[in-house]
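This is what each chain is made of:
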Amino acid sequence: MRWARGRAILLSGSSPPGAPVAARRGPPEPWAAPGRLMAASPTLSAFRLPPLPTIREIIKLFKLRALKQLSQNFLLDLRLTDKIVRKAGNLTNAYVYEVGPGPGGITRSILNANIAELLVVEKDSRFIPGLQMLSDAAPGKLRIVHGDVLTYKIERAFPQSLKKEWEDDPPNIHIIGNLPFSVSTPLIIRWLENVSHRNGPFAYGRTQMTLTFQKEVAERLTANTGSKQRSRLSIMAQYLCNVHHVLTIPGRAFVPKPECGRRVHFIPTVEVQIPKADRTQARTMVARAACTWVGSDRREYFIVQLNIPVLYHVQSIHSPCSCTMAVMMLEPVSTFTFQLGSRVAVDVGVVRFTPLTQPRIDQPFKLVEKVVQNVFQFRRKYCHRGLGMLFPEVQRLENTGKLLELADVDPTLRPRQLSVSHFKSLCDVYRKMCDADPHLFAYNFRDELKQKKHNKQKEGNKEPCAL
């Protein structure tokens, strides 16, 4: 028995961090998926977790930290995790599949929702002991799989009795997860393909999903026709599912704060003082410059590198505190101003997906994906520009015109102005053209460009013929 801030933490029999996962309560059910499991038979009675250490205490106890390379961000506020679970709908007696539970914040909220059983799949072995603590506190409720969600086969994870016909109401199975940003887009594309083929998590029927994404991605998934956020994700999600952006969580609620890779250039101007005496001591001078934020008392120190022959040109300005960079021109004075670009914390959007009984585009997923990708790769151009890339160069102009004419689509519409019905018409016509020409669907304009480039290089390497 260990103690943390006056709370008892039961650790008897739990595995140390990194230890292999083993079955805790007898053999798994016959319908349980293979893998390294901790399981117990489902219980349908009302349940509430006993008092447990906080998520922050769990992180300290097992010395956990978020790994940037895995895009890990912990949500510690259980009020927010409760909100996410409530947005998933009524989970009473439901079977839930949680993706990437991490230290177990959302896991606790799901267990408190009176579910029948929760299956969690966690790739990072550091989180297994903390999850095992939850399993000990919720006998018969939690199964833990140490594995990768991208390769885990969920088709056999739940009882076959839960299966429903596609046209019926959704089964009592839910997918919930705080997805790492690095895998969120490929994972949702894979699951949308599963929706199209009605396999994977959707072998049980129209399984509902409630997932977190970077707010910008959530807005793209739900963007309407004409919206600036309209993208490939908008079409691929909305032709297969009803998609709703149900909740926005501020980035500051996560530890660490999720950041976007772009830099913004409209944060306050700063003044930097560089000692004049240091300017001519070397061809390239490095000075430690004091920086004061205009309109405030905030002060930072920057490393400033100067190229002396071009006396007032700054090659780079770097702030170790805010990880910022800038390139600018100096005026012949000791004080100058510039604007910094900086990484900013991004908000997180919660999106709920409900598969449609009938897709809005009745064509193979790969065909729809190819058409949509080609259109949006030139998102600022007219749509005929991207559609032309579906055809070889010698047939491009003729076939693009034919495609647009038969689909009754205005060639001067921008990609974001195309509705799902426009894409339905384009995909239907393109399918007929592919049926007429069996080699058309396999055509990739990038392969043609590479071949042309290779041929030019080959011709350039030929030696001139001697006279």
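Residues numbered from 1 in each chain as written. Predicted model: local features only at pLDDT ≥ 70, side-chain atom pairs only at ≥ 80, totals over all residues. Heavy atoms only, no water.

Visitor: Looking at this structure, how should I read the overall build of the protein chain?
Guide: Check the secondary structure of the protein chain and you find 12 helices and 18 strands. When contacts within the protein chain are restricted to residue pairs at least 6 apart in sequence, those whose partners lie at least 24 apart make up 68%. Carbon and sulfur atoms form 51% of the exposed surface of the protein chain, whose accessible area is close to 23,900 Å². (Helix = DSSP H or I, 4+ residues; strand = E, 2+ residues; numbered from the N terminus. Contact = heavy atoms within 4.5 Å. Areas by Shrake-Rupley, 256 points an atom, 1.4 Å probe, with all protein chains shown as cover.)

Visitor: Could you clarify how one ought to interpret the environment of Arg352 in this entry?
Guide: Within the secondary structure, Arg352 sits in strand β18 (residues 348–355). In this structure the C-alpha to C-alpha distance between Arg352 and Asn242, which are 110 residues apart in sequence, comes to 8.1 Å. When neighbours within four sequence positions are excluded, Arg352 is seen to be in contact with Lys87, Ala88, Gly89, Gln208, Met209, Thr210, Asn242, Val243, His244 and Val246.

Visitor: Looking at this structure, I do not really get the environment of Arg379. What am I missing?
Guide: By the secondary structure assignment, Arg379 is in the loop between α8 (365–376) and α9 (383–387). Each C-alpha atom, one on Arg379 and one on Arg416, is 7.2 Å from the other, the two residues being 37 residues apart in sequence. In contact with Arg379, other than residues within four places in its own chain, are Lys228, Arg230, Ser231 and Pro415. Within polar-contact distance, the side chain of Arg379 engages the backbone oxygen of Lys228 at 3.3 Å. At a separation of 2.7 Å, a polar atom in the side chain of Arg379 contacts the main-chain carbonyl oxygen of Arg230. (Polar contact = N/O pair within 3.5 Å; in protein donor to acceptor, adjacent residues only side chain to side chain.)

Visitor: How do you make sense of the pairing of strand β8 (residues 173–178) when you look at a structure like this?
Guide: Each regular strand displays side chains that alternate between the two surfaces of the sheet. Of all 6 residues that make up β8, 6 are buried, and the element is covered over most of its length. Burial along β8 is two-sided: the residues Ile173, Ile175 and Gly177 and His174, Ile176 and Asn178 are all buried. Pairing of strand β5 (residues 95–99) with β8, which is carried by 5 bridges, proceeds in the parallel orientation. Residue pairing across strands places Val99 opposite Gly177, the latter belonging to β8. Following the chain from β8 across helix α5 (residues 181–197) to the adjacent parallel strand β9 (residues 208–214), one finds a crossover that is right-handed. (Buried < 20%, exposed > 50% of the residue type's maximum accessible area, 1.4 Å probe, protein only. Pairing = 2+ DSSP bridges. Right-handed = clockwise from strand over helix to strand, strands pointing away.)

Visitor: Help me out: how do you make sense of helix α2 (residues 78–87) in this one?
Guide: Along an α-helix, residues three or four apart share an orientation, since each turn contains 3.6 residues. Restricting attention to buried positions, one finds in α2 the residues Leu80, Thr81, Ile84 and Val85. In an axial view of α2, the angular spread of the buried residues amounts to 140 degrees, which keeps them on one side of the axis. Seen from the open side of α2, the exposed residues pointing more than 90 degrees away from its buried face are Arg79 and Arg86. On its buried side, α2 packs onto β4 (74–75), α3 (105–111), β8, β9, β10 (241–249) and β18. (Arc of directions from axis to C-beta.)

Visitor: What's the story with the confidence of the model for the protein chain in this structure? I'm lost.
Guide: Do not read the predicted coordinates in detail wherever pLDDT is low. On average, residues of the protein chain score 77 in pLDDT, and 70% of them are at 70 or above. Segment residues 1–45 is flagged for pLDDT under 50; beyond a separation of four residues in sequence, or across chains, it makes 98 contacts in the model. (pLDDT = per-residue confidence, 0-100.)

Visitor: Could you clarify how one ought to interpret the pairing of β5 in this entry?
Guide: Taking burial as the measure, the 5 residues of β5 include 5 buried ones, the bulk of the element. Of the two faces of β5, the one holding Tyr95, Tyr97 and Val99 and the one holding Val96 and Glu98 are both buried throughout. Where β5 and strand β6 (residues 117–122) come together, 5 bridges link them in parallel fashion. Bridge pairing links Tyr95 to Glu117 in β6. Regarding topology, α3 serves as the crossover connection from β5 to the parallel β6, and that connection is right-handed.

Visitor: Would you mind going over a positive patch on the surface with me for this structure?
Guide: A cluster of basic residues, Lys228, Arg379, Arg380, Lys381, Arg385, Arg414 and Arg416, forms a positive patch on the protein surface. Take Arg379: its relative accessible area is 35%, and that puts it in the partly exposed class. (Patch = residues over 30% accessible without salt bridge, like charges linked within 9 Å, V, L, I, M, F, W, Y side chains within 5 Å. Salt bridge = Lys/Arg side-chain N within 4 Å of Asp/Glu carboxyl O. Lys, Arg positive; Asp, Glu negative; His and termini not counted. Charge placed at Lys NZ, Arg CZ, Asp CG, Glu CD.)

Visitor: Looking at this model, I keep getting lost on the nonpolar core. Mind explaining?
Guide: The nonpolar side chains of soluble globular proteins are, as a tendency, buried together. By size, the foremost hydrophobic cluster in this structure holds 68 residues, and its most contacted members are Tyr97, Phe158, Trp191, Phe213, Phe353 and Phe423. It is helix α11 (residues 420–436) that provides the largest number of residues to this core, a total of 8 residues. The residues touching Phe353, leaving out its near neighbours within four places in the chain, are Ile188, Thr207, Gln208, Met209, Leu211, Phe213, Leu221, Ala237, Cys241, Asn242 and Val243. Counting 32 residues, the second-largest nonpolar core is a separate cluster that includes Leu75, Ala94, Val120 and Leu131. (Core = buried A, V, L, I, M, F, W, Y, C linked by side-chain atoms within 4.5 Å.)

Visitor: Which parts of the structure should I look at to understand the packing of aromatic side chains?
Guide: Working definition: an aromatic ring pair is given by the centre-to-centre distance plus the angle between the planes. A full pass over the atoms with the stated rule returns 7 aromatic pairs. Ring centres of Tyr97 and Tyr152 lie 6.3 Å apart, and the angle between their planes is 45 degrees; on these two criteria the pair is classed as tilted. Of this pair, Tyr97 sits in strand β5 while Tyr152 sits in the loop between β7 (142–146) and β8; the two residues are 55 residues apart in sequence, bridging distant segments of the chain. Look at Phe376 and Phe423: their rings are 6.0 Å apart centre to centre, the planes differ by 15 degrees, and that puts the pair in the stacked class. Taken together, the residues span a long stretch of sequence, with Phe376 in helix α8 and Phe423 in helix α11 at a distance of 47 residues. In this structure, Phe376 and Phe423 share a single accessibility class: buried. Grouping aromatic residues by their ring pairs yields a cluster made of Tyr95, Phe158 and Tyr204. Geometry around Phe441 places Lys370 over its ring, the cationic atom sitting 5.0 Å from the centre. (Phe/Tyr/Trp six-rings, centres within 6.5 Å; stacked < 30°, edge-to-face > 60°. Lys NZ or Arg CZ within 6 Å of the ring centre and 35° of its normal.)

Visitor: For this particular structure, what's the right way to read the state of the cysteines?
Guide: The bond known as a disulfide is covalent and runs between the sulfur atoms of two cysteines. Tallied over the entire structure, the rule returns 0 disulfides. Of all cysteine sulfurs, the one in Cys427 lies closest to Cys434, which takes part in no disulfide; the gap is 10.0 Å. (Disulfide = S-S within 2.5 Å.)

Visitor: Just to check I follow, could you spell out the side chain of Ser109 for this structure?
Guide: Along the polypeptide, Ser109 turns up in helix α3. Residues contacting Ser109, with those up to four places away along its chain left out, are Leu78, Thr81, Asp82 and Val85.

Visitor: Can you help me understand unusual backbone geometry in this one?
Guide: Residues other than glycine predominantly adopt negative phi, and peptide bonds predominantly adopt the trans conformation. Positive phi outside glycine occurs at Asn114, with the angle close to 65 degrees. One non-glycine residue, Arg198, lies in the positive phi region at around 60 degrees. One can find Arg198 in the loop between α5 and β9.

Visitor: Quick question: what am I supposed to make of a negative patch on the surface here?
Guide: On the surface, Glu165, Glu167, Asp168 and Asp169 cluster together into a negatively charged patch. Secondary-structure assignment places Glu165 in the loop between β7 and β8. Note on Glu165: relative accessible area 56%, which makes it exposed.

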